[in-house]
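Each chain is listed here by its residues.
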Amino acid sequence: MPKAVRFHEVDKPLKIEEIDFPKIGSNEVVLKILASSLCYSDVHVTTGVIPVKRPITLGHEICGEIEELGDNIIDFKKGDKTVVYFISPCGDCDQCVVGNSSTCNHIYESPMYGFSADGGFAEYMKVNAKNLVKVTGNIPSEFLANLGCAGITALHAVNFISQVNLGHTIAVYGTGGVGMYVLQLAKLSGAKTVIAIGRSEEKLQLARTCSFADETVNLTNENLSDRIKGITDGLGVDYVFDFVVSTESLNNSSKIISNNGKIILVGIGTQPISVNPKRITFKENCIIGSNVGTKSELKLLVDLAQKNTLKSVSNTKYRLDEANHVFNLFKDGKIRGRAFFDPSSP
Ligand SMILES: [Zn+2]
Ligand SMILES: [Zn+2]
């Protein structure tokens, strides 16, 4: 029987269990999971910050090969390599029809793989064929898995919510996997200077070597305001992408943002936060949220990956039975880039 990483109770170890081989409906496929990467939202599920149906198989950054197909499916065949778009917007509500499918009014009523339907930390899973994006070319499976959430979250924040353009200066506050893709996508969109802000020298180095960061600021031993003033001739940055979302990060962001600049909250903050409102008023700043992305953004990312325009961030491989170990590393801030499960690992 196939194995899966199952979440039963908040703040309790995950269980590695044997599950039944998935039984599919006529519009679904069975995927053999090639790689399934960890997102901090998975940690938020295990700590109760994001409530989910339980028990459930976690995992929403998924790359898999089609093993079995339902009778109605004509666009895919057995053996196709695919990436899963893990949410299922209705396509019909007033948000979906104007292209805001990541804020679909019915998003919680339809399968959200890894949250309300079994996800990809498993050897096999079933998924509706409409949630799949086909991949051609020889792209590492773990890179493709990343695109399913980290990639679309970054692209949506950079190109849809903030519309980074030629000549802009942007900063990423927090150096996790999504931030690494924000840096790359901002650079690809024409940003003049992209800056990574964090506390881990190792992660800041990854931002420089892998994600095109022109500058990095280490909060443990550098003065953020002074560094940003120096980098931007005193003007501040046009966009800050805040992955920490705390009172400290928001206040720091409000100090380094330019007049009329935008602060985009991308991380999932867990506590109420306060900010000095005077700065926001005087500089006419905007604080705005950004949440996952659309299926068309996922298709674009797959295309960019196929053309070697986008680079994979560091990916460390784990077995499914190492799930509790890797979740603990993630909670302790010790994952550089992304970590992923390869269920076929012995
Ligand atoms: Zn995610
Ligand atoms: Zn909708």
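Residues numbered from 1 in each chain as written. Chains lettered and ligands numbered in written order. Predicted model: local features only at pLDDT ≥ 70, side-chain atom pairs only at ≥ 80, totals over all residues.

So, about the overall build of the chain. The helix and strand tally for the chain stands at 9 helices and 16 strands. For 346 residues, the compact-globule formula gives about 20 Å, and the C-alpha radius of gyration of the chain, at 20 Å, lands near that figure. When the backbone C-alpha atoms are referred to their principal axes, the chain occupies close to 60 × 40 × 35 Å. By residue count, 49% of the 346 residues in the chain fall in the buried class. When contacts within the chain are restricted to residue pairs at least 6 apart in sequence, those whose partners lie at least 24 apart make up 70%. (Helix = DSSP H or I, 4+ residues; strand = E, 2+ residues; numbered from the N terminus. Rg over C-alpha atoms; globule rule 2.2 N^0.38 Å. Buried ≥ 20, exposed ≤ 12 C-beta atoms within 10 Å, placed from the backbone. Contact = placed C-beta atoms within 7 Å.)

Okay, the nonpolar core next. Counting residues in each nonpolar core, the largest one holds 103 residues, and the members touching the most others are Val182 and Phe241. When residues of this core are assigned to their parent elements, the largest contribution, 12 residues, is made by helix H2 (residues 141–161). Both domains that meet at this core, namely domain 1 (3–151 + 293–341) and domain 2 (163–289), each give it at least three residues. Leaving out residues up to four positions away in the same chain, valine 182 has contacts with Ala154, Ala157, Val158, Val172 and Phe241. (Core = buried A, V, L, I, M, F, W, Y, C linked by C-beta atoms within 7 Å. Domains from an automatic or database assignment.)

Entries for the chain in the domain assignment read domain 1 (3–151 + 293–341) and domain 2 (163–289). A C-alpha centroid distance of 28 Å is found between domain 1 and domain 2. Contacts between the two partners involve 16 residues from domain 1, matched on the other side by 15 residues from domain 2. Of all the secondary-structure elements, those providing two or more residues to the side of domain 1 that touches domain 2 are helix H1 (40–46) and H2. The residue inventory of the side of domain 1 that touches domain 2, partitioned by class, reads 5 nonpolar, 8 polar and 3 charged. (Nonpolar A, V, L, I, M, F, W, Y, C, P; charged D, E, K, R; others polar.)

The packing of two helices is summarised by the inter-axis angle and the distance between the axes. Two elements in contact, H2 and helix H3 (residues 177–188), have axes separated by 8 Å at closest approach and are oriented at 50 degrees. Taken together, H2 and H3 sit at an angle that is classed as oblique. Of the two elements, H2 crosses H3, and the hand of that crossing is right-handed. Of H3, the residues touching H2 (which contributes Asn146, Ala150, Gly151, Thr153, Ala154, Leu155, Ala157, Val158 and Asn159) are Gly177, Val178, Tyr181, Val182, Leu185 and Ala186. Looking at side-chain class alone, the contact of H2 with H3 contains 10 nonpolar, 5 polar and no charged residues. (Axes fitted to C-alpha atoms, helices over the stretch in contact; angles between N-to-C directions. Parallel < 35°, antiparallel > 145°, perpendicular 65-115°, else oblique. Left-handed = near helix turned anticlockwise from the far one by under 90°.)

Considered for burial, the residues of helix H4 (residues 201–210) that qualify are Lys203, Leu204, Leu206 and Ala207. For H4, the angular spread of the buried residues around the axis is 155 degrees, confining them to a single face. Away from its buried face by more than 90 degrees, H4 exposes Glu201, Glu202 and Thr209. The elements touched by buried residues of H4 are H3, strand S10 (193–198) and strand S11 (215–218). Phenylalanine 212 sits one or two positions beyond H4 and adopts a positive phi of about 65 degrees. (Arc of directions from axis to C-beta.)

With respect to the element layout, lysine 126 can be found in strand S7 (residues 124–128). For lysine 126, a count of 20 C-beta atoms within 10 Å gives the class buried. Residues lysine 126 and phenylalanine 115 lie 11 residues apart in sequence; the distance between their C-alpha atoms is 14 Å. Discounting residues that sit within four places of it in the chain, lysine 126 has contacts with Pro22, Ile24, Glu28 and Val30.

A few words on the sheet that holds strand S14 (residues 286–289). Backbone hydrogen bonds hold the strands of a sheet together, and the pairing may be parallel or antiparallel. The sheet built from 6 strands is open, its strands ordered S11-S10-S9-S12-S13-S14 with parallel pairing. Each having just a single partner strand, S11 and S14 make up the two edges of the open sheet. Going across the sheet, the axis of each strand differs from the next one's by a mean of 20 degrees, ignoring polarity. Of the strand pairs in this sheet, strand S12 (residues 237–242) and strand S13 (residues 257–265) are connected by 5 bridges, and their pairing is parallel. By the bridge assignment, tyrosine 239 is partnered in S13 with lysine 262. In the packing of H4 onto the sheet, the strands contacted are S10 and S11, and the crossing angle to S11 comes to about 170 degrees. (Pairing = 2+ DSSP bridges.)

To continue, consider helix H8 (residues 295–306). Helix length check: H8 (12 residues) gives 17 Å between terminal C-alpha atoms against 16 Å at 1.5 Å per residue, within 8%. Buried residues of H8: Glu297, Leu298, Leu301, Val302 and Ala305, and no others. Each buried residue of H8 lies within a common arc of 140 degrees when the element is viewed along its axis, so the set occupies one face. Buried positions along H8 lie against strand S6 (81–84), strand S8 (132–135) and H2. One or two positions beyond H8, positive phi appears at asparagine 308, with a value near 60 degrees. (Expected span 1.5 Å × (residues − 1).)

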